[in-house]
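Listed below, chain by chain, are the residues.
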Amino acid sequence: MVFDFKDIIEIMEKLEGISSKIEKTQILINILKNTPKENLEYVLLFLMGNIYPEHVEKELGISQNLLMKAMSKAYGHGIEEIERMWKEKGDLGRIAEELCEKRKQTALLFSSLTLREIFNVLRQAADMEGEGSIDKKMSLISGLLIKAKPKESKYLVRFILGDMRIGVAEGLVRDAIIGAYFSQFYWIDIFTSQQSITEEIILRYWKNKVFLISKEAELSHPLFVLIKKIAKEVKEIPEREIERISSFHYSKLKADIVITSSSELGSRLRQSYVELVDEAYALINDISQIALIAYEDGEEGLREVKPVIFRPIKVMLAQKVNTIIEAFNVVGKPAAFEYKFDGFRAQIHKNKDKVVIFTRRLENVTKQFPDIVSYIKEHINAENCIIEGEIIGYNKQTKEWLPFQKLSQRIKRKYYIEKIKEEIPAMIHLFDVVYVDDELVIKKPFKDRRRILEHIVREEDFKVMLAKQIITEDVKEAERFYKESLTKGNEGIMAKNLNAPYKPGLRVGNMLKIKPTLETLDLVIVGAEWGEGKRAGYLSSYELACYDPDTGEFLTIGKLGTGIKEKSEEGTSFEELTEILKPHIIKEEGKHVVIEPRLVVEVTYEEIQKSPHYTSGFALRFPRLVRVRDDKSPEEADTLERVYQIYEMQRGRGIRG
Ligand code: AMP
């Protein structure tokens, strides 16, 4: 089957109407199985609403306004009318569909668009710069819209805006890659209690599949009886045997669907693939390439994935603990403790004389930091490497650290860089190494990676230093170090497992942060209300949301009105937030506005409670703004799972409930 634009549109329609993650995954698995290799990249990029793979820095650069103009040209309706419809419906995709239908064009006049053509045209538009480019971009887009059928227009428009609204993001695509090229893993709880696997799913998606089912499972369950009827083959083997085969080589299980009796084994098998795919993905930042590798070279191919110098990797993330004792419990004894500097995380790629600096959002900030670039050139003794550290600003006179907000002015600055470099001098504290002299070193234990780092770095104060570190098993000594770090103006300390590998893109407890503050949450603003009285003209009562990485959805969790200043001189003000958010309003209903998820804010709160009022199922009590986190992308906001963990932790501590 040739899998192209028209097929994908049909599937998009299906996906949009389905809320079950399991069912969505089944559909994605079918897509992966039916898409020819040449189209795999386009199909996956299209589903996720990306014109380029994640690591490519280019953007399409088509604003909503420009898109409305292109729609106006393609459909022959006035721009005011389209704007009015948009304010009412809040989804330009549906409006395109409606206007396209109104055109009453006969089916013959539509030509069949291919994914290749769509990508070619849009990438061409992305490359356009300079005089007249806006008009040319608009013509290219209206050209595409003219050719598209109603349903196609809907998704084409959403694609141009980068928001497909089908609830498919990295998490589900990763699950589908595992399901399509390896196996799907379930354990019997899912059949007996949660009922997530239904008769419909089995009949619709599991016909003619090969099943491997644990002999210990309750095989008389009606769903298993059904499976036996429709399967191509059912292999019933003892649980111990599943364990034995998989410990030898996961792929040797050779089944489309594996159902274990113990949830421990089932989730362990699943998790091993999740880590395999996530880790390879984090190293090359291109999910369609990962799908291709899994398809062509299977497990081995994924294990051999190496990062590409000058293409940012997803870094290992830290978990939070509250005390040194807790830290020892997680990372073991002895452990490494390091200062936690309050700057920004830099991932530095070097090859010979070329140095590139990425932020944790994978943005290239090399131009903004010529000082750091030259320090790295002078102080790192390796042909090529990927190393990590915290860039931190300091006061020239007093040599004290500057708060992150000050340094962030340098990240934002695009011009007069030499001047700001003098005003806000910066240095780097290096703390990890991922790749050195053509060797990927992430599998090495942290203590060895630190040794490599010590070996290649020539330290010089206020230029390049290694993160200050102690290794201890003594709680008192670690506490002294913690206090020392705070007195030096740092944020806290990090605790690191000496024997743990580097896990790109994952938050797995090999690296912990300990800060004296309450656990804050980084949340995304997705809505607000126009204020009244002294706040007239400003947005207020900001609706906060956490992120679900499986579906790409932002789920609401509360409204923020405190901690924001009336005047800009006093800190983050209503005016400032309004300025940032206003261009991203996508819908207005009376006082209430819907805002595209763009801005991440850090908030404190008194407690997390369960709540039916918000789509996350949780509500924050008394949320208060700490600061704007413009170093984080919306996808880096705290996840629903994190919210749940904190909620559980609170309960554990007996705060409430
Ligand atoms: P947070 O941003 O609060 O999740 O804390 C984790 C961040 O602390 C990392 O992403 C780094 O940017 C930063 N950091 C500061 N010092 C260190 C260190 N010595 N080791 C690792 N991360 C550090």
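Residues numbered from 1 in each chain as written. Predicted model: local features only at pLDDT ≥ 70, side-chain atom pairs only at ≥ 80, totals over all residues. Heavy atoms only, no water.

Caption draft 1: Just the overall build of the protein, in detail. The secondary structure content of the protein amounts to 24 helices and 24 strands. A globule of 657 residues ought to have a C-alpha radius of gyration of about 26 Å, and the protein, at 26 Å, matches this closely. Projected onto its principal axes, the C-alpha coordinates of the protein cover approximately 75 × 65 × 55 Å. When burial is assessed residue by residue, the protein has 55% of its 657 residues classed as buried. Expressed as a percentage of contacts within the protein between residues at least 6 apart in sequence, the contacts between residues at least 24 apart total 70%. Of the roughly 29,800 Å² that the protein leaves accessible, carbon and sulfur atoms contribute 49%. The average position of the 102 basic charges and that of the 105 acidic charges among the side chains of the protein differ by 0 Å. (Helix = DSSP H or I, 4+ residues; strand = E, 2+ residues; numbered from the N terminus. Rg over C-alpha atoms; globule rule 2.2 N^0.38 Å. Buried < 20%, exposed > 50% of the residue type's maximum accessible area, 1.4 Å probe, protein only. Contact = heavy atoms within 4.5 Å. Areas by Shrake-Rupley, 256 points an atom, 1.4 Å probe, with all protein chains shown as cover. Lys, Arg positive; Asp, Glu negative; His and termini not counted. Charge placed at Lys NZ, Arg CZ, Asp CG, Glu CD.)

Caption draft 2: Expanded view of the pattern of salt bridges. Across all of its chains, the model carries 60 salt bridges by this definition. The closest approach of N and O atoms between glutamate 243 and arginine 268, which form a salt bridge, is 2.9 Å. Note that glutamate 243 is positioned in helix α14 (residues 239–248) and arginine 268 in helix α15 (residues 263–284), a separation of 25 residues in sequence. Each of Glu13, Glu16, Asp91, Arg94, Glu97, Lys151, Lys154, Arg158, Asp163 and Arg165 takes part in a single network of salt bridges with overlapping partners. (Salt bridge = Lys/Arg side-chain N within 4 Å of Asp/Glu carboxyl O.)

Caption draft 3: Fine view of the sheet that holds strand β4 (residues 257–260). In spatial order, the strands read β1-β4-β2-β3; together these 4 strands make up an open sheet with parallel pairing. The two strands at the open ends of the sheet, each matched to only one other strand, are β1 (184–187) and β3 (233–237). Averaged over all neighbouring strand pairs, the angle between strand axes comes to 20°, with direction disregarded. With 4 bridges joining them, β1 and β4 adopt parallel strand pairing. Bridging from a neighbouring strand, glutamine 184 pairs with isoleucine 257 of β4. (Pairing = 2+ DSSP bridges. Axes fitted to C-alpha atoms, helices over the stretch in contact; angles between N-to-C directions.)

Caption draft 4: Main features of helix α17 (residues 324–331). Among the residues of α17, Ile324, Ala327, Phe328 and Val331 are the ones counted as buried. Looking down the long axis of α17, one finds its buried residues gathered within 100° of arc, a one-sided arrangement. Exposed and facing more than 90 degrees away from the buried side of α17 are Ile325 and Asn329. Buried residues belonging to α17 abut β5 (319–321), β6 (335–340), β13 (469–472), α22 (475–487), β14 (492–496) and β15 (511–514). Count one or two residues on from α17 and you reach glycine 332, which has phi positive near 80°. (Arc of directions from axis to C-beta.)

Caption draft 5: Structural detail: the nonpolar core. Ranked by internal contacts, the top residues of the largest apolar core, which has 130 residues, are Phe46, Leu47, Met71, Phe191, Trp206 and Ile259. Looking at which element gives the most residues to this core, the answer is α15, with 10 residues. In contact with methionine 71, not counting residues within four places along its chain, are Gly76, Ile82, Leu92, Ile95, Ala96, Leu145 and Val157. Ile357, Ala382, Val436 and Ile452 belong to the second-largest nonpolar core, a separate cluster that totals 34 residues. (Core = buried A, V, L, I, M, F, W, Y, C linked by side-chain atoms within 4.5 Å.)

Caption draft 6: Structural context of the confidence of the model for the protein. Scored by pLDDT, the protein comes out at a mean of 92, with 97% of its residues at no less than 70. Predicted confidence for residues 652–657 stays below pLDDT 50, and this span has 7 contacts to residues more than four positions away or in other chains. (pLDDT = per-residue confidence, 0-100.)

Caption draft 7: Here's a closer look at unusual backbone geometry. Each neighbour pair has its own omega, and for lysine 333 with proline 334 the value is -10°, a cis peptide bond. Its location among the elements puts proline 334 in the loop between α17 and β6. One non-glycine residue, asparagine 208, lies in positive phi territory at about 60°. Locating asparagine 208 in the fold gives a position in the loop between α12 (199–205) and β2 (210–214). Since its relative accessible area comes to 55%, asparagine 208 is described here as exposed. One non-glycine residue, phenylalanine 622, lies in the positive phi region at around 50°. Along the polypeptide, phenylalanine 622 turns up in the loop between β23 (618–621) and β24 (624–628). Taking relative accessible area as the criterion, phenylalanine 622 reaches 53% and is therefore assigned exposed.

Caption draft 8: Representation of the site of the ligand in the model. Taken together, 13 residues lie near the ligand, and Glu338, Arg345, Glu390, Lys496 and Lys513 sit nearest. Taking tyrosine 339, its main chain carries an N or O atom lying 3.0 Å from a nitrogen atom of the ligand. The backbone of phenylalanine 341 places a nitrogen or oxygen atom 3.1 Å from a nitrogen atom of the ligand. Protein contacts shield 94% of the accessible area of the ligand, which totals 490 Å² for the unbound molecule. Of all the secondary structure elements, the ones that give two or more residues to the shell around the ligand are β6 and β14. (Near = heavy atom within 4 Å. Polar contact = N/O pair within 3.5 Å; in protein donor to acceptor, adjacent residues only side chain to side chain.)

Caption draft 9: The sheet that holds β5, seen in detail. Read from one edge to the other, the open sheet built from 5 strands follows the order β5-β15-β14-β6-β13, with strand pairing classed as mixed. The outermost strands of the open sheet, each flanked by one partner alone, are β5 and β13. Sheet twist, expressed as the mean angle between neighbouring strand axes with direction ignored, is 30°. When β6 meets β13, the two strands line up antiparallel, connected through 4 bridges.

Caption draft 10: The arrangement of the domain arrangement of the protein in detail. One can read the domain layout of the protein as domain 1 (50–161), domain 2 (170–278), domain 3 (317–514) and domain 4 (521–652). Domain 3 and domain 4 are separated by 29 Å when their C-alpha centres are compared. With 7 residues of domain 3 in contact, the opposing surface of domain 4 contributes 8 residues. Interface of domain 3 and domain 4: buried area, both sides summed, is about 840 Å²; carbon and sulfur atoms make up 39% of it. (Domains from an automatic or database assignment. Buried area = accessible area lost by both parts, 1.4 Å probe.)

Caption draft 11: Quick look at helix α21 (residues 446–456). Looking only at α21, the buried set comprises Phe446, Arg449, Arg450, Ile452, Leu453 and Ile456. What you see down the axis of α21 is that its buried residues fit within an arc of 155°, all on one side. Residues of α21 that are exposed and angled more than 90 degrees away from the buried face: Arg451 and His455.

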